[in-house]
Amino acid sequence: MSKTTPSTPRTAPGATAPPGVPDDPYALRAEDVREAPTTFTGRLRHLGPGFVLSAAVVGSGELIVTTSLGARAGFALLWLVIVSTAVKVWVQMELARWTILNGRTALEGYREVAPRIGPIGWINWLWIGMDFAKMFQRGGIIGGTSAACSILWPITGEALGFSSLAVWTVIVTGSAVLMLRTGRYGVVEKICVACVIVFTIATVGLALGLPATEFGYGGSELGEGLSFLIPAGTVGIALAMFGITGVGADEMTTYTYWCIEKGYARWTGPDDGTEERARRAEGWLKVMRLDVAAGWLICTLCTLSFYVIGAAVLHPQNLVPEGNSMITTLSRIYTDTMGPWAQYLFLAGAVAVLFSTLIGSTASVPRLWTNTLGLLGVIDWRNVQVRRRTIQILTLCLPPVWAASFLYVQSPVLMVQIGGIGGGVFLLAVVVAVWRLRATGVEHRFRASAWLTGALVLSSAAIVFLGVYGVLDVLGISLTGD
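Cut-offs applied
Residues numbered from 1 in each chain as written. Predicted model: local features only at pLDDT ≥ 70, side-chain atom pairs only at ≥ 80, totals over all residues. Heavy atoms only, no water. Helix = DSSP H or I, 4+ residues; strand = E, 2+ residues; numbered from the N terminus. Contact = heavy atoms within 4.5 Å. Areas by Shrake-Rupley, 256 points an atom, 1.4 Å probe, with all protein chains shown as cover. Patch = residues over 30% accessible without salt bridge, like charges linked within 9 Å, V, L, I, M, F, W, Y side chains within 5 Å. Salt bridge = Lys/Arg side-chain N within 4 Å of Asp/Glu carboxyl O. Lys, Arg positive; Asp, Glu negative; His and termini not counted. Charge placed at Lys NZ, Arg CZ, Asp CG, Glu CD. Phe/Tyr/Trp six-rings, centres within 6.5 Å; stacked < 30°, edge-to-face > 60°. Lys NZ or Arg CZ within 6 Å of the ring centre and 35° of its normal. Axes fitted to C-alpha atoms, helices over the stretch in contact; angles between N-to-C directions. Parallel < 35°, antiparallel > 145°, perpendicular 65-115°, else oblique. Left-handed = near helix turned anticlockwise from the far one by under 90°. Nonpolar A, V, L, I, M, F, W, Y, C, P; charged D, E, K, R; others polar. Core = buried A, V, L, I, M, F, W, Y, C linked by side-chain atoms within 4.5 Å. Buried < 20%, exposed > 50% of the residue type's maximum accessible area, 1.4 Å probe, protein only. Polar contact = N/O pair within 3.5 Å; in protein donor to acceptor, adjacent residues only side chain to side chain. pLDDT = per-residue confidence, 0-100. Expected span 1.5 Å × (residues − 1).

(A) The overall build of the protein, seen in detail. Across its full length, the protein holds 19 helices and 2 strands. Contacts in the protein between residues at least 24 apart in sequence constitute 82% of all its contacts with a sequence separation of at least 6. When the accessible surface of the protein is split by element, carbon and sulfur atoms take 66% of a total near 18,700 Å².

Following this line, the structure appears as structure tokens:
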């Protein structure tokens, strides 16, 4: 089916796994195929990657940047929240479709998009550069989590020359590493699903309960939020929010790995050109689309809730989360509406939200770097033992680097915004890759839906427009000519 030559050879149909390595989710073997469920309830039982993605997405962007944007702009940018979460999901879905049909990761696909620079493509190099920017965002996530824990349960370490924040930074980082030391997908999914349940109930419940408090909102505020205007002074944070909220380019890329490790590609099986395989592929693509929809629903509900909370509670009081006082300021969302006791409720929820994002990053980034090292020829990605060992080593090494960046900068909001801008630039490249891979690696049968194609066109156009708008704004060029 794929018209491109795979960058990493797949296991041939009917072949057996190497001795001692019986389970390789990245290998396509005829004996691993499985028929897709045909009922809605059956498909629900095979969801998972979307929840892992939601746990990674609903954290730094939503709790920190989206709430800060609501505090700065009020309800005026509510429309941008909706656009940000809605337009990206179609690019994510298209990239995942290519992965399931070809059994290859997104980074392998990016290498097929010319021009190449050395052994990998220009988009791969762009990802490498973006990931260094995202290091600050992940440091901000660790910092936010540590700050919440430090307020909730202070630890005195002055005798050793360490602050409570520094001690908690070490504890939070170490906890994430220990939880994911095996690198198994099943562990990642269980932790993320638990976190998703907790923060969705807490966040959406608070937003819906605000009208019953002194910080209530109504139709006029919501109408103002749908005016499609960007108030002066909010363009920078709005661009960062668009890069972070909803499914970002790095999460889209990571989602292809979760689809493979969940089993969607392996159960579809190698492309033997038969009608049976094509029908099986269509079945697992339906499961994937439902999984994407479930993750999108969670992301949208939580993102809107965080924005509304910031606009309704913080904006009228001119409170903007900044620096290391970010957590204290954000806690006013709860204490100003329910009383001082609610600070502890907020802090527990903040830990769940931010730590879930840290778990998602700690699980995904080592996989992406391991795959990149394989594409560069540093390691053999096809060797399961080498791949797993490299992932485990990077899981141990990368989070401490992120934590160190926080201890150096100590400004979670700024750090998250830096990562968000980097993600917004990379998102433009992913759109280019998706259209290229769609044309060369997806048979017409699987891209014949007119409404899905239309949604992808609108999604791509919106991403490009907002991306260009952001670049022009940075260069000081007005779109209106003023």
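(B) Spatial organisation of a negative patch on the surface. Together, D271, D272, E276 and E443 give the surface a local cluster of negative charge. Along the chain, E443 turns up in the loop between helix 18 (412-441) and helix 19 (450-474).

(C) Seen up close, the packing of aromatic side chains. Here the structure, examined in full by the defined rule, presents 12 aromatic pairs. Their ring planes at 85 degrees and their centres at 5.8 Å tell us that W90 and W451 sit as a pair that is edge-to-face. With W90 in helix 5 (residues 89-102) and W451 in helix 19, the pair connects residues that are 361 residues apart, well separated along the chain. Following the ring pairs from residue to residue traces out a cluster consisting of Y26, Y257 and W381. Between the NZ or CZ atom of R387 and the centre of the ring of W381, over which it lies, the distance is 4.8 Å.

(D) Local environment of the packing of helix 2 (residues 49-57) against helix 14 (residues 275-314). Contact geometry of helix 2 with helix 14 gives a least axis separation of 8 Å together with a crossing angle of 25 degrees. Put simply, helix 2 runs roughly parallel to helix 14. Pair helix 2 / helix 14 crosses with right-handed handedness. Here helix 2 contributes P49, G50, F51, S54 and V57 to the contact with helix 14, which in turn contributes D291, A294, G295, I298 and C299. When the residues that make up the contact of helix 2 with helix 14 are grouped by side-chain class, the tally is 6 nonpolar, 3 polar and 1 charged.

(E) Molecular detail of the environment of R184. Position of R184 relative to the elements: it lies in the loop between helix 8 (164-179) and helix 9 (185-209). Linking R184 and Q392, residues 208 residues apart in sequence, is a C-alpha distance of 9.8 Å. For R184, the contacting residues outside a window of four places in its chain are R367 and R388.

(F) Quick look at the nonpolar core. Grouped together as the largest cluster of nonpolar side chains are 91 residues, with contacts concentrated most on Y110, M288, F426 and V430. Top contributing element to this core by residue count: helix 14, with 11 residues. Contact partners of V430, with chain neighbours within four places excluded, come to V91, L95, Y110, A249 and M252. Formed by 22 residues, the second largest nonpolar core is a distinct cluster that contains L77, W79, F215 and A311.

(G) View of the pattern of salt bridges. Evaluation of the coordinates by the stated rule reveals 17 salt bridges. In this structure, K134 and D250 form a salt bridge, with 3.3 Å as the shortest nitrogen-oxygen distance. Here K134, found in helix 7 (residues 122-152), pairs with D250, found in helix 12 (residues 249-262); they are 116 residues apart in sequence, far enough to count as distant. Of the two residues examined, K134 and D250, each falls in the buried class. When the shortest N-O distance is used, the salt bridge between R367 and E261 registers 2.7 Å. Here R367, found in helix 16 (residues 342-375), pairs with E261, found in helix 12; they are 106 residues apart in sequence, far enough to count as distant. According to the relative accessible area criterion, R367 is buried, its value standing at 3%. Judged by its relative accessible area of 14%, E261 is buried. Overlapping salt bridges, with partners in common, bring together R104, E108, E112 and R116 in one network.

(H) Spotlight on the packing of helix 7 against helix 17 (residues 384-409). One can describe the packing of helix 7 onto helix 17 by two numbers: an axis separation of 7 Å at closest approach and a directional angle of 80 degrees. On the basis of the axis angle, helix 7 is roughly perpendicular to helix 17. Across the interface between the two elements, M135, F136, R138, G139, I142 and G143 of helix 7 pack against P399, V401, W402, A403, S405, F406 and V409 of helix 17. Along the lines of polarity and charge, the residues of the contact of helix 7 with helix 17 split into 9 nonpolar, 3 polar and 1 charged.

(I) Quick look at a nonpolar patch on the surface. A cluster of nonpolar side chains, namely L152, W153 and Y344, defines an oily patch on the protein surface of about 360 Å² accessible area. Of the residues examined, L152 reaches a relative accessible area of 34% and is grouped as partly exposed.

(J) Region of the structure containing unusual backbone geometry. The omega torsion of the bond from A114 to P115 falls at 0 degrees, within 30 degrees of zero and hence cis. As for its placement among the helices and strands, P115 is situated in the loop between helix 6 (106-110) and strand 1 (116-117).

(K) Highlighting the side chain of N371. Structurally, N371 can be placed in helix 16. A relative accessible area of 0% means that N371 is categorised as buried. Setting aside residues up to four positions removed in sequence, N371 forms contacts with T105, L107, E108, Y257 and W381.

(L) Representation of the environment of D32. As for its placement among the helices and strands, D32 is situated in the segment before helix 1 (40-44). Its relative accessible area of 18% is what places D32 among the buried residues. In the structure, D32 is positioned 237 residues away from G269 in sequence and 6.9 Å away in space, judged by C-alpha atoms. Polar side-chain contacts of D32 include one of 2.8 Å to the side chain of R29.

(M) Local environment of the environment of I123. Here I123 lies in helix 7. Along the backbone, I123 and R111 are 12 residues apart, and their C-alpha atoms lie at a distance of 7.2 Å. If we ignore the near neighbours within four places in the chain, the residues touching I123 are Y110, V113, F426, A429 and A433.

(N) Just the confidence of the model for the protein, in detail. Here the protein shows a mean pLDDT of 81. Residues at 70 or above account for 79%. Residue range residues 1-21 is modelled with pLDDT below 50. Its contacts to residues more than four positions away, or to other chains, number 48 contacts.

(O) Fine view of helix 17. Under the 1.5 Å per step criterion, the end-to-end length of helix 17 is 37 Å for 26 residues, consistent within 8% with the ideal 38 Å. Here helix 17 starts with a cap whose side-chain oxygen sits 3.1 Å from the backbone nitrogen of Q385, and that cap is N383.

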